[in-house]
Every structure is written in C-alpha cells, then in structure tokens.
Amino acid sequence: MIPSPECGRIPSLSDVTALVDHLAAAARRIHDAWEQDIDGFDEEYGEGGICHDVADAMIDVLQRAGVDNAMPFHSTVGENHVWVVALLSDGVYSIDIPPHVYETGAGYVWTKRHDADIRGADVTIDRIGDWVTPDTFETMYAE
C-alpha cells in the first residue's frame, strides 16, 4: 500500500525514498508486460524501449503518494532516455531506473533484458535543483 501524505504537505526526499520498492514494482509490471519477438519487435513499442512507460508508471506511484508535481523528462544527451523529475519540499529531483537495468541497446533500438530483476535499490534519486514554485517547475521542466 502506498502511504498517503498528510493533507496539504508537499512530500520530501525521505517520503519518496520510502517509496522505492513501490516505484520498482511499477517498473517491473511494465517490464513484465513487454513482449518482443525473436527479432526484438513489439507491437506497441516497435524496436524501441520502455523507459517512457516506466517513467509514467513511477509518476503514477508518486502522484498517489501526494507528489503533485512530477513529470516525464526526455533527453538525448549521452543516450535517448526518459525519466522523472519531481518537485519535492526540499528541491527538484531526478527519479530514474537506469535503462541498463531492464534493457540493452542504444538510441531508439532496445532489447528486453529477460534476466532483469528490478528492485528498489535500482531506483536512483538525485537532487538537481533548489525548491521552486510549482509554476516555475512546470515552466522549467515541461516539454
């Protein structure tokens, strides 16, 4: 059961850290449903990976726990990848499960790692900025 926040209180890093097992379980459900054929093709994802759906599943967990300001963030610096950015009471954070945990590949071509065992320890949470207002957060990180 995902803990619910106190009414009106913006969750903190420690609140989100307590959710890592729930975040990993959400990612595991996406990974378990991913079915590629022998050539690495999936009807929904084509030859692409699942990071965008992993991010969306983690956002759902965060929102149910009271993190109202969480959104997917896409970057092609170093690699094409989507993760979560969230505004918490003590700053802006990147929340991710690195793609090498559950898939192999590069660019827009990824293959499911059938040996993946996504756990809470795989969730990375990094502070990337100071606290800002929700409007400023939206302006800075919305794509």
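What counts and what doesn't
Residues numbered from 1 in each chain as written. Predicted model: local features only at pLDDT ≥ 70, side-chain atom pairs only at ≥ 80, totals over all residues. Heavy atoms only, no water. Helix = DSSP H or I, 4+ residues; strand = E, 2+ residues; numbered from the N terminus. Rg over C-alpha atoms; globule rule 2.2 N^0.38 Å. Contact = heavy atoms within 4.5 Å. Areas by Shrake-Rupley, 256 points an atom, 1.4 Å probe, with all protein chains shown as cover. Lys, Arg positive; Asp, Glu negative; His and termini not counted. Charge placed at Lys NZ, Arg CZ, Asp CG, Glu CD. Buried < 20%, exposed > 50% of the residue type's maximum accessible area, 1.4 Å probe, protein only. Polar contact = N/O pair within 3.5 Å; in protein donor to acceptor, adjacent residues only side chain to side chain. Pairing = 2+ DSSP bridges. Axes fitted to C-alpha atoms, helices over the stretch in contact; angles between N-to-C directions.

Engineer: Could you give an account of the overall build of the protein chain, naming the residues involved and the relevant values?
Structural biologist: Helix and strand content of the protein chain: four helices and six strands. Starting at the N terminus and ending at the C terminus, the protein chain contains elements arranged as α-α-α-β-β-β-β-β-β-α. For the protein chain, the C-alpha radius of gyration of 15 Å lies close to 15 Å, the compact-globule estimate for 143 residues. A principal-axis box enclosing the C-alpha atoms of the protein chain has dimensions of 50 × 30 × 20 Å. Once local pairs closer than 6 in sequence are excluded, the contacts in the protein chain between residues at least 24 apart make up 63%. With an accessible surface of roughly 7700 Å², the protein chain has 52% of that area assigned to carbon and sulfur atoms. Each charge sign in the protein chain was given a centre, from 8 positive and 27 negative side chains, and these centres are 9 Å apart.

Engineer: Which residues make up the side chain of Q36, and what values do they have?
Structural biologist: With respect to the helices and strands, Q36 occurs in the loop between α2 (20–33) and α3 (51–64). Residue Q36 is classed as buried on the basis of its relative accessible area, which comes to 17%. For Q36, the side chain forms a polar contact with the main-chain oxygen of W110, separated by 2.9 Å. Polar contacts involving the side chain of Q36 include one to the main-chain amide nitrogen of K112, which spans 2.8 Å. Residues within four places of Q36 in sequence aside, it is in contact with F41, D42, G48, W110, T111 and K112.

Engineer: Residues and numbers for the sheet that holds strand β6 (residues 124–129), please.
Structural biologist: Taken in spatial order, the four strands make up an open sheet running β1-β2-β3-β6, and their pairing is antiparallel. Every other strand in the sheet has two partners, leaving β1 (70–75) and β6 as the edge strands with one partner each. Across this sheet, the average inter-strand angle for adjacent strands is 35°, counted without regard to direction. Sheet analysis places strand β2 (residues 81–88) next to strand β3 (residues 91–96), joined by five bridges and oriented antiparallel. Following the sheet pairing, L88 is matched in β3 by G91.

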